[in-house]
Amino acid sequence: MTKAHVRGLEMAYDDAGAGVPVVLLHGFPFNRSLWREQVAVLSQNHRVITPDLRGFGETTATDEPATMETMAEDVAALLDELKLERVVLGGLSMGGYVALAFYRLFPQRVRALMLADTRPQADTEEARRNRETLATRALAEGMQPIADAMLPKLLTPATQTERPEIVARVREMIMSTSPVGAAAALRGMALRRDQTDLLPEIDVPTLIIVGSEDAITPPQDAELMHRAIRGSLFKVIAGAGHCSNLERPDEFNRALTNQ
Ligand code: MLT
């Protein structure tokens with residue numbers, strides 16, 4: 001792990017392999033370890049950079065809402081630091097929201113996109129209210145309320161009953177997240193804009209991946225992106241939920257490496 005000083009943050013990231021640079025952005029409320037299995041495979045032929053986004057893992061948390069644009073600008077500043085002008089950019093869920101915000105801000109810096117278990121739409125009013133409730137509770141009580149609210153939806157029922165090691169890994173990522181960072185990201189996600197109008201403007205190779213049983217960003221959302229992004233590739237991972245890269249790493253990696 002390395003730390004870069006960017007935009008007033010200590011930003012932690014891993015940097016593995018050599019070749020075309022690939023940047024992978026984790027979802028909420030996770031950290032860069034989400035990508036362990038993807039880094040192992042992709043770094044054989046690429047340079048893979050996995051940052052902890054603002055407020056997650058070992059990157060500094062800040063109090064104010066961490067908007068998707070703020071996180072995208074953090075990533076751009078990290079790329080400046082690494083002297084990387086153009087990268088392949090991938091994100092899962094919240095990481096996908098950040099990837100779309102990044103593309104809108106810096107389209108010339110993106111060689112290709114990978115959008116996994118994510119959606120282009122903004123939150124509904126109800127979703128915003130739920131995020132505020134969770135943010136307030138996280139600040140008062142810590143991460144347990146977020147773990148309780150999210151764990152049943154993050155993984156398929158089969159993973160939850162049959163694969164305790166994955167449940168433990170997801171719980172550990174959630175429980176080790178800073179409540180301040182989580183609250184800031186919840187408030188930032190609640191503020192995010194609808195990116196649907198951006199999709200027809202995306203003119204880089206784009207891969208869209210979704211778990212067939214994703215209960216948070218369901219396959220219909222992924223299909224909507226696939227229809228709107230010209231020439232995009234679309235891969236549904238059978239039997240996977242929202243954390244498709246953890247639940248079915250081999251299939252996910254095959255989709256990434258186009259095999
Ligand atoms: C994520 O996995 O990043 C979150 O579930 C996304 C969200 O809450 O919208």
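So, how was this worked out
- Residues numbered from 1 in each chain as written.
- Predicted model: local features only at pLDDT ≥ 70, side-chain atom pairs only at ≥ 80, totals over all residues.
- Heavy atoms only, no water.
- Salt bridge = Lys/Arg side-chain N within 4 Å of Asp/Glu carboxyl O.
- Helix = DSSP H or I, 4+ residues; strand = E, 2+ residues; numbered from the N terminus.
- Buried < 20%, exposed > 50% of the residue type's maximum accessible area, 1.4 Å probe, protein only.
- Pairing = 2+ DSSP bridges.
- Axes fitted to C-alpha atoms, helices over the stretch in contact; angles between N-to-C directions.
- Contact = heavy atoms within 4.5 Å.
- Parallel < 35°, antiparallel > 145°, perpendicular 65-115°, else oblique.
- Nonpolar A, V, L, I, M, F, W, Y, C, P; charged D, E, K, R; others polar.
- Polar contact = N/O pair within 3.5 Å; in protein donor to acceptor, adjacent residues only side chain to side chain.
- Near = heavy atom within 4 Å.
- Areas by Shrake-Rupley, 256 points an atom, 1.4 Å probe, with all protein chains shown as cover.
- Phe/Tyr/Trp six-rings, centres within 6.5 Å; stacked < 30°, edge-to-face > 60°.

A. Spatial organisation of the pattern of salt bridges. Applying the stated criterion across every chain yields a total of 23 salt bridges. Glu 223 is the partner of Arg 227 in a salt bridge, and the nearest nitrogen-oxygen pair spans 3.7 Å. Placement of both Arg 227 and Glu 223 in helix H9 (residues 219-228) is noted, with a separation of four residues, approximately one turn of the helix. On the accessibility criterion, Arg 227 (63% relative accessible area) is exposed.

B. Quick look at the sheet that holds strand S8 (residues 233-237). With mixed pairing, the eight strands of this open sheet are ordered in space as S1-S2-S4-S3-S5-S6-S7-S8. Edge positions in the sheet fall to strand S1 (2-6) and S8, since each has one partner strand and no second. Adjacent strand axes in the sheet meet at a mean angle of 25 degrees, parallel and antiparallel pairs treated alike. The pairing of strand S6 (residues 110-116) with strand S7 (residues 206-211) spans four bridges and is classified as parallel. Each residue of the ladder has a partner; that of Leu 115, found in S7, is Ile 208. Contacting S1, strand S2 (9-16), strand S3 (21-25), strand S4 (47-51) and strand S5 (87-92), helix H2 (residues 68-81) crosses the sheet at an angle of about 110 degrees to S1. The sheet contacts of helix H11 (residues 249-256) involve S6, S7 and S8, and relative to S7 the element is tilted by about 165 degrees.

C. Here's a closer look at the packing of H2 against helix H3 (residues 94-105). In contact at an axis separation of 8 Å, H2 and H3 are set at 70 degrees when each is read in the N-to-C sense. Between H2 and H3, the crossing angle belongs to the class labelled roughly perpendicular. Across from Met 68, Glu 69, Met 71, Ala 72, Glu 73, Val 75, Ala 76 and Leu 79 in H2, the residues of H3 making contact are Met 94, Tyr 97, Val 98, Ala 101, Phe 102 and Leu 105. Tallied by class, residues from the contact of H2 with H3 come to twelve nonpolar, no polar and two charged.

D. Structural detail: the side chain of Thr 118. Structurally, Thr 118 is set in the loop between S6 and helix H4 (125-141). Polar side-chain contacts of Thr 118 include one of 2.9 Å to the backbone oxygen of Ser 93. What Thr 118 contacts, discounting residues up to four positions off in sequence, is Ser 93, Gly 96, Tyr 97, Thr 217, Asp 221 and Met 225.

E. Seen up close, the site of the ligand. In the vicinity of the ligand, the contacting residues are Gly 27, Phe 28, Ser 93, Met 94, Tyr 97, Arg 119, Arg 131, Met 150, Met 189, Ile 216 and His 242. The separation between an oxygen atom of the ligand and a polar side-chain atom of Arg 131 is 2.8 Å. Residue His 242 places a side-chain N or O atom 2.8 Å away from an oxygen atom belonging to the ligand. For the ligand, the protein covers 95% of the area, taking 270 Å² as the surface of the free molecule. In the shell around the ligand, the residues fall into six nonpolar, three polar and two charged.

F. Looking closely at the packing of aromatic side chains. Overall, the coordinates contain three aromatic pairs when judged by the stated rule. Note on Trp 35 and Phe 252: the rings are 6.4 Å apart at their centroids and 50 degrees apart in plane angle, and the pair reads as tilted. Placement of the pair is Trp 35 in the loop between S3 and helix H1 (36-42) and Phe 252 in helix H11, with a sequence separation of 217 residues. Phe 252 carries the same exposure label as Trp 35, and that label is buried.

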